[in-house]
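# Examining the three-dimensional arrangement
So you can see what is in the structure, the chains are spelled out below.
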Amino acid sequence: MNLRMLARNLRFFALVVVVSAAASQMSNNVGAQKTKKPKTAPPSANKAEKAIDSKVNTAPNNAEYGARIKEYTTESYFMTELVDHLPASDKVPSPDKVLGYAVGAPGHLTYTKDLYRYYRELEKSTARVRTFMAPEKSEEGKEQMLVAVGDEAALAKLDRYKQITAKLADPRQGTEAEAEQLIGEGKALYWASGSIHSPETGSCEMLMELAYRIATEESPFIQAIRKNVIVLITPALEVDGRDRMVDTYNYRKANPDKTAPPFVYWGHYVAHDNNRDGLGMALALSRNQMKTFLEYHPTILHDLHESVPFLYTSTGTGPYNAWLDPIVIDEWNLLAYHEIEEMTKRGVPGVWTHGFYDGWAPNYMFYVANGHNAIGRFYETFGNSVADTMDRTVTAESQRDWFRPNPPQPRVKWSLRNNVNMQESAILLAMNFVSNNKDRFLKNFYLKSRRSVAKATNEGPAAWVIPSDQPRVVEAADMVNLLRLMGVEVHRADKEFTAKDQKFPAGSYVIRMDQPYSRMADMLLDTQYYNVNDPRPYDDTGWTLGALRNVKTVRVTDRGALQTPMTLLSSDAKVAGTVSNSAAPVAYVINHNAENTLMALRYRLKDLKIDAAEDSFETAGQKFNAGSFIIKSADNSGNLRDKLTGPVRDTGLNAVAVDKLPEVKTHALAVPRIAILHTWTNTQNDGWFRIEFDRLQIPYTYISDQVIRDIPNLRDKFDVIIFPPVGGSAQAIVSGIPMRGGPIPWKGSEVTPNIGLSPDQTDDMRGGMSLSGVLNLQKFVEAGGVFIPIANCARVPIDYGITSGVAITDPRQLQARGSVYSATFSDRRSPIAYGYGETLPIYFNQAPLFQVAAAGGSGGGAGGFGNPGGNSQRPSGRGTLTDPDIVQGMPLAEPPAPRRPGELTDEQRLQQGAFFTPPQLRPRVVLRFASDEKSLLISGMLAGGSELANAPAVVDVPVGQGHVVMFANNPMWRHQTQGSFFLLFNAALNFDNLDVGRGAANPRTGGGRATTDNY
Ligand SMILES: [Zn+2]
């Protein structure tokens, strides 16, 4: 902790004392304010001027609607003159005319079909509104709308304005003088994006009124917006989640005496994480935002969220993303402080910035703007989620701080309309400001684009290279295609080239840093360092995509590399697999390189008998890794080549025909029946697993913990059960939602049609897997099934005693938040290690820390055995840290001979007695975090690394006929960890042969008694 932080914390503690002492008095004050309203301070001259500006309105106002606004607003100071009225129009319908209620009316949340209906009515009635559809439908087949609002002449020439921003986005075309002319002619595009987070409901309502107001109001303030700005509106970004959220609200209204269902599915795959897909683009909504950005090049993308009171406008605590042009940081501050000043001048409390999130990770949706030289920003307003007015308590945010001199009140009656007023007022102020400074913002956009192109020759690097001679060319192509989706230009080297002393073969991908979107590519591929003394990270701290995808990337600083002849990819990179020819092959061999498509191939070829090699081998002049597929002609009838050709080509793999069977031990490779298990408390993390299985077309059954509870013969139905991460204690995971009150359905009905589109449904969400589920899981494993609990879920088999020999320890000093760490395969003979090299970068987020007993015992205490003496302290004495201690006056004692890992002395064996675990039943550590603390961190944050160094990452625990395979790392995290997928796939594919390689003679000592070979 540095001094500044210490001082800040001391001040914080002091504040807590003062605040808690004064709390009751403060709430009294609020009550007093209520009685003598209006409390608003006397308007300054400036405010009066503004008020006049925005109130002048040649058209009459809709008095009825204005009365509703006032009625629904709980205090006059949660209102501004910008939104306390609505212009009347006999031509253009206001929201109430189409929906039957004014925006912000209690009791009303609007379905997307009605949002769209409203915008289409606007489009029909005025040339100031146009609607479009985003390129992709949602996962559940719903359309996602985009609305443009502006001056009719501007909208008529929308294509011209798109052309202008596209030209400014790529300064390589045209001169600076031409750019000046375009800036003068162009419009700023301000894009407001509603409700990516489904329980944050207000923005979808607000945006309808905003569109109407901008289209109809004739005040100078709104006219100024129309003059220079084209407003883009995404009415609801997560459309599946929006409609399900409205369902749950309608259920609540229809069943006032029942407990409403917890909101367990937002989108089809993920919930809150849907705005953390900026690095993976796995969701349709992310791709739509990206493609829309690249079509319009909006100056600003404004993402509307609702969490903290009353309005947080984004800047962040820092550390700020280190790959952004510093100009954009200034723009965040410029816009935020404009809104804060203007809202504060209007007497609105609780508008603030800085102390909410950090500004570091680029995984947020609005990086489609920030990462592309535009401005990405967000609000957090105070939302009730439901459309009910209620008393709310404000805790920490009601404290004054340097960044919040005008804080929210600690107790407040809050309405949907208050939320609408806050959002709409502030965003109008921002739009007006951008319009008045249109040339400045467009010029900055152009300048940032130019500075991105100059990156190669200025700060560097010159390029990133993805060499073509690497084991996972399919994965490399997939990463290239992700970059292309983000608008990044990717070239292929026409011939071999050298940069500094490094040679790259022809066909290597080159991502030049002299292109407009160099920064996006650089921030994805580079490594991150997050200083632990910086403010607490808000999310992941490291994300290096090459490492997480196990794809080799090289940062090239040698500018000479840019002179290499290269060709721009004009379509996505695609690796076509091949089947080699032979007159009468005895088998086809497919190398296992941990390409994820190999798993897909097993299911495409599910009717074929396939063997897995248990060791590496050479045949037909090629080297093959352990785990390689051997498909024998004798085992498979019909024309094998024909059967292989399509699937092998599509998966980008190579089947090599051999005339002689390779001399290697093999086992038959199953086509495992996989289940992905979810609870009814949280489904987000399993969504990231489902998305990968669906994408790779790997079949699975999606089951809830109630299936586990109710089906005693799980082994008859499944071979492998994967349990993606769920938080909480083992007891909380097993118990689920308490069995209190009546049943809580998550089910489609007349009131909840969209819940019926969820990935799973139930008549009653309560109960969890319960103890009978734990017993069923135990029976499943003992009967030969493989249970794979990921991360925290390992607590279930550990704490309920399904496994022994593994414990979870609490870190004391470790700070390892969402980062990339180096891991080493400690048991390369395990089938889980098939296809991999010696090491693998993995994603890990702080917990769990596994401890594996050396040989028997419960797992606690005995500790790992891979770090013999590494941290042990020798007594003070002569010599160095590694010298033996010497006792004076006694004969020199020889140090004990080193023992093999896991080997027990007779003395220890005697002590363990009945608790001694024979070697074949001991947990097998397949993958460990790097043993050297210094080489542990690849990207992100690390302190107290000695606790993580050498800790087990993947542990295979034999139980009866089956196995429990535990993961400390999350192998399927946000479509970023493709390099780790095959750890999971290997465990599944070899579920009935996981003991292969166990107890093999230690190659280093050449024999001896059998033992686990994990060190
Ligand atoms: Zn949110």
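## Notes on the overall build of the chain
Looking only at helices and strands, the chain features 29 helices and 37 strands. The globule rule puts the C-alpha radius of gyration for 1015 residues at 31 Å, and the 31 Å found for the chain is close to it. A principal-axis box enclosing the C-alpha atoms of the chain has dimensions of 95 × 70 × 70 Å. Residue pairs in contact within the chain that sit at least 24 positions apart in sequence constitute 80% of those at least 6 positions apart. Total accessible area computed for the chain in this model is approximately 38500 Å², and 51% of it derives from carbon and sulfur atoms.

## Structural notes on the coordination of the zinc ion
Summarising the metal site, the zinc ion is bound by the protein donors His197 (ND1), Glu200 (OE), Glu200 (OE) and His305 (ND1), whose distances to it range over 2.1 to 2.4 Å. Classification of the site at the zinc ion as irregular follows from its four donor atoms and the range of 56 to 153° in their angles at the metal. Coordination of the zinc ion draws on donor residues from a single chain, spaced H-x2-E-x104-H in sequence. Taken individually, His197 and Glu200 each receive the classification buried, so the pair is uniform in this respect.

## So, the environment of Ala547
Structurally, Ala547 is set in helix α19 (residues 545-548). When residues no more than four places from it in sequence are discounted, the contact partners of Ala547 are Val820, Pro841 and Ile938.

## Notes on empty space enclosed by the protein
Scanning all chains against the criterion turns up three cavities of 30 Å³ or more. As for the largest cavity, its lining consists of 14 residues, of which Ser138, Glu139, Glu238, Ala284 and Leu285 are closest to the centre. For the lining of the largest cavity, the element with the most residues is helix α12 (residues 284-296), which contributes three residues. Grouping the constituent residues of the lining of the largest cavity by class yields seven nonpolar, five polar and two charged.

## Some remarks on the pairing of strand β4 (residues 229-234)
Every other side chain in a regular strand lies on the same face of the sheet, so the side chains alternate between the two faces. Counting buried positions along β4 gives six out of six residues, so the element sits mostly inside the fold. Direction of pairing for strand β2 (residues 145-149) relative to β4: antiparallel, over a ladder of three bridges. Across the sheet, Ala148 pairs through a bridge with Leu232, a residue of β4. Here strand β3 (residues 188-193) runs beside β4; their pairing, made up of six bridges, is parallel. The partner of Ala188 across the bridge, within β4, is Val229.

## Topic: the sheet that holds strand β11 (residues 463-466)
Pairing is antiparallel across the open sheet formed by five strands, whose spatial order is β16-β11-β15-β12-β17. Each edge of the open sheet carries a strand with a single partner, namely β16 (554-556) and β17 (566-568). Pairs of neighbouring strands in the sheet enclose a mean axial angle of 30°, with direction left out of account. Two strands pair when backbone bridges link them, and strand β12 (residues 491-493) and β17 are joined in this way by three bridges, in the antiparallel orientation. Across the sheet, Ala493 pairs through a bridge with Met566, a residue of β17.

## A word on the side chain of Ser195
The topology assignment puts Ser195 in the loop between β3 and α9 (202-216). One polar contact links the side chain of Ser195 to the main-chain carbonyl oxygen of Glu200, over a distance of 3.0 Å. In contact with Ser195, not counting residues within four places along its chain, are Glu200, Ser203, Cys204, Leu237, Glu238 and Leu304.

## Some remarks on the pattern of salt bridges
Tallied over the full model, the rule gives 63 salt bridges. Across the pair Arg974 and Asp273 runs a salt bridge whose closest N-O atoms are separated by 2.9 Å. Placement of Arg974 in the loop between β37 (962-967) and α29 (981-989) and of Asp273 in the loop between α11 (239-254) and α12 is noted, with a sequence separation of 701 residues between them. No difference in accessibility class separates Arg974 from Asp273, as the two residues are buried.

## Digging into helix α16 (residues 438-453)
Each full turn of the α-helix corresponds to 3.6 residues, which orients residues three or four apart in the same direction. Under the 1.5 Å per step criterion, the end-to-end length of α16 is 23 Å for 16 residues, consistent within 8% with the ideal 22 Å. Of all the positions in α16, only Lys438, Phe441, Leu442, Asn444, Phe445, Tyr446, Lys448, Ser449, Ser452 and Val453 are classed as buried.

## Topic: the nonpolar core
Judged by nonpolar contacts, the single largest core of 174 residues is most densely connected at Tyr119 and Ile511. The element best represented in this core is helix α15 (residues 416-436), accounting for 11 residues. Beyond its immediate sequence surroundings of up to four residues, Ile511 is in contact with Ala463, Trp464, Ile466, Leu483, Val488, Glu489, Val490, Ala521 and Leu525. Formed by 115 residues, the second largest nonpolar core is a distinct cluster that contains Ala271, Ile631, Ile744 and Phe967.

## A few points about the environment of Arg928
Relative to the elements of secondary structure, Arg928 occurs in strand β34 (residues 924-929). For Arg928, the side chain forms a polar contact with the main-chain oxygen of Asn950, separated by 2.8 Å.

## Let's talk about the pairing of strand β5 (residues 300-306)
With seven of seven residues buried, β5 is to be regarded as a mostly interior element. Inspection of the sheet shows β3 paired to β5 by four bridges, in the parallel sense. Counted as the bridge partner of Ala192 is His302 from β5. In the sheet, β5 pairs with strand β8 (residues 375-381) via seven bridges, with the strands oriented parallel. Counterpart to His305 in the pairing with β8 is Glu380.

## What about the packing of aromatic side chains?
A full pass over the atoms with the stated rule returns 43 aromatic pairs. Relative to Phe441, the ring of Phe433 has its centre 6.2 Å away and its plane inclined at 75°; by these criteria the two rings are edge-to-face. Per residue, the accessibility class of Phe433 equals that of Phe441, and both read buried. Put simply, the rings of Tyr312, Trp352, Phe356, Tyr357, Tyr364, Phe366, Tyr367, Phe378, Trp402, Phe403 and Tyr538 pair up and form one aromatic cluster. Lying across the ring of Tyr702, Arg690 places its NZ or CZ 4.6 Å from the centre. Sitting above the plane of the Phe916 ring, Arg909 keeps its charged end 3.9 Å from the centroid.

## Some words on the packing of α15 against α16
Two numbers describe how α15 lies on α16: the axes approach to 4 Å, and their chain directions differ by 80°. In terms of orientation, α15 and α16 fall into the roughly perpendicular class. Contacts between α15 and α16 involve Phe433, Val434, Ser435 and Asn436 on the former and, on the latter, Lys438, Arg440 and Phe441. Counted by class, the contact of α15 with α16 contains three nonpolar, two polar and two charged residues.

## Remarks on the sheet that holds strand β24 (residues 654-658)
Spatial ordering of the open sheet is given by β18-β24-β19-β23-β20-β25, a layout of six strands whose pairing is mixed. Each of the sheet's edge strands pairs with one partner strand only, and the pair in question is β18 (578-579) and β25 (666-668).

## What about unusual backbone geometry?
For residues that are not glycine, phi is negative in most cases, and the peptide bond is trans in most cases. For the bond running from Gly318 to Pro319, omega is 0°, close enough to zero to count as cis. Its place among the elements puts Pro319 in the loop between β6 (311-313) and α13 (326-345). In this structure, the amide linkage connecting Gly460 to the following residue, Pro461, adopts the cis form with an omega of 0°. Along the polypeptide, Pro461 turns up in the loop between α16 and β11. Unlike most non-glycine residues, Ala620 shows phi in positive territory, near 50°.

## Examining the side chain of Ser508
Relative to the helices and strands, Ser508 resides in the loop between β14 (502-504) and β15 (509-512). A polar side-chain atom of Ser508 sits 3.1 Å from the main-chain amide nitrogen of Ser468. In this structure, Ser508 is in contact with Val465, Ile466, Pro467, Ser468, His491, Arg492 and Ala493, ignoring residues within four places of it in sequence.

## Side note on the confidence of the model for the chain
Predicted confidence across the chain gives a mean pLDDT of 91, with 90% of residues reaching 70 or more. Confidence scores differ between elements of the chain, with helix α1 (residues 3-35) showing the lowest mean pLDDT of 39 and strand β28 (residues 720-723) the highest of 99. In this model residues 857-871 is a low-confidence stretch, pLDDT under 50, and it forms 33 contacts with partners more than four residues away in sequence or in other chains. The low-confidence segment residues 1001-1015 (pLDDT under 50) makes 43 contacts with residues lying over four places distant or belonging to another chain.

The rules we used
- Every chain's residues receive numbers from 1 upward, in the order its sequence appears when written.
- Local features are withheld for residues below a pLDDT of 70 in this predicted model, meaning they are given only at 70 or higher, and side-chain atom pairs are given and counted only at 80 or more; totals for whole chains, interfaces and linings count all residues.
- As a convention, hydrogens and water are excluded, and side-chain values are obtained from all of the structure's heavy atoms.
- Each helix corresponds to a stretch of at least 4 residues labelled H or I by DSSP, and each strand to a stretch of at least 2 residues labelled E; elements are numbered beginning at the N terminus.
- Values of the radius of gyration come from C-alpha atoms, whereas the globule rule sets the reference at 2.2 Å times the count of residues to the power 0.38.
- We call two residues in contact whenever any of their non-hydrogen atoms come within 4.5 Å of each other.
- Residue exposure ignores everything except the shown protein chains as possible cover, and the areas themselves are Shrake-Rupley values with a 1.4 Å probe.
- Ligating atoms shown are N, O and S within 2.8 Å of the metal, or 3.2 Å for Na, K and Ca, and water is not included, meaning a site may look less than complete.
- Geometry assignment treats four donors as tetrahedral when all angles are between 85 and 135 degrees, treats four as square planar and six as octahedral when opposite donors are over 155 degrees apart and all others between 65 and 115, and treats everything else as irregular.
- Burial classification: accessible surface area is computed with a 1.4 Å probe over protein chains only, and a residue below 20% of its type maximum counts as buried, one above 50% as exposed, and the rest as partly exposed.
- Of the grid points, spaced at 1 Å and generated over the protein atoms alone, those admitting a 1.4 Å probe that cannot get out make up cavities, while open sets with protein on both sides within 12 Å along at least five of seven lines make up pockets; any residue with an atom within 4 Å of a point is treated as lining.
- Grid points are joined across faces, edges and corners, and a volume is the space filled by probe spheres set on the points.
- Note on residue classes: Ala, Val, Leu, Ile, Met, Phe, Trp, Tyr, Cys and Pro are nonpolar, Asp, Glu, Lys and Arg are charged, and everything else, Gly too, is polar.
- A pair of strands is labelled paired if DSSP reports no fewer than 2 bridges between them.
- Axis definition: a line fitted to C-alpha atoms, limited for helices to the stretch in contact. Angles are taken between N-to-C directions and run from 0 to 180 degrees.
- Pairs of N or O atoms are called polar contacts if they sit within 3.5 Å, as long as, within protein, a hydrogen donor faces a hydrogen acceptor (for residues adjacent in sequence, only side-chain-to-side-chain pairs).
- Definition used for salt bridges: Asp or Glu carboxyl oxygen within 4 Å of a side-chain nitrogen of Lys or Arg.
- Given the number of residues in a helix, its expected span is that number minus one, multiplied by 1.5 Å.
- Residues enter a nonpolar core if they are buried and are Ala, Val, Leu, Ile, Met, Phe, Trp, Tyr or Cys, with the set joined through side-chain atoms within 4.5 Å.
- Under the pairing criterion, centres of Phe, Tyr and Trp rings, with the six-membered ring standing for Trp, must be within 6.5 Å; the plane angle then separates stacked pairs below 30 degrees from edge-to-face pairs above 60, leaving the rest tilted.
- Any Lys NZ or Arg CZ found within 6 Å of a ring centre and within 35 degrees of that ring's normal is scored as a charge over the ring.
- For classification, angles of less than 35 degrees are called roughly parallel, those exceeding 145 degrees roughly antiparallel, those between 65 and 115 degrees roughly perpendicular, and all remaining angles oblique.
- pLDDT gives the predictor's per-residue confidence on a scale running from 0 to 100.

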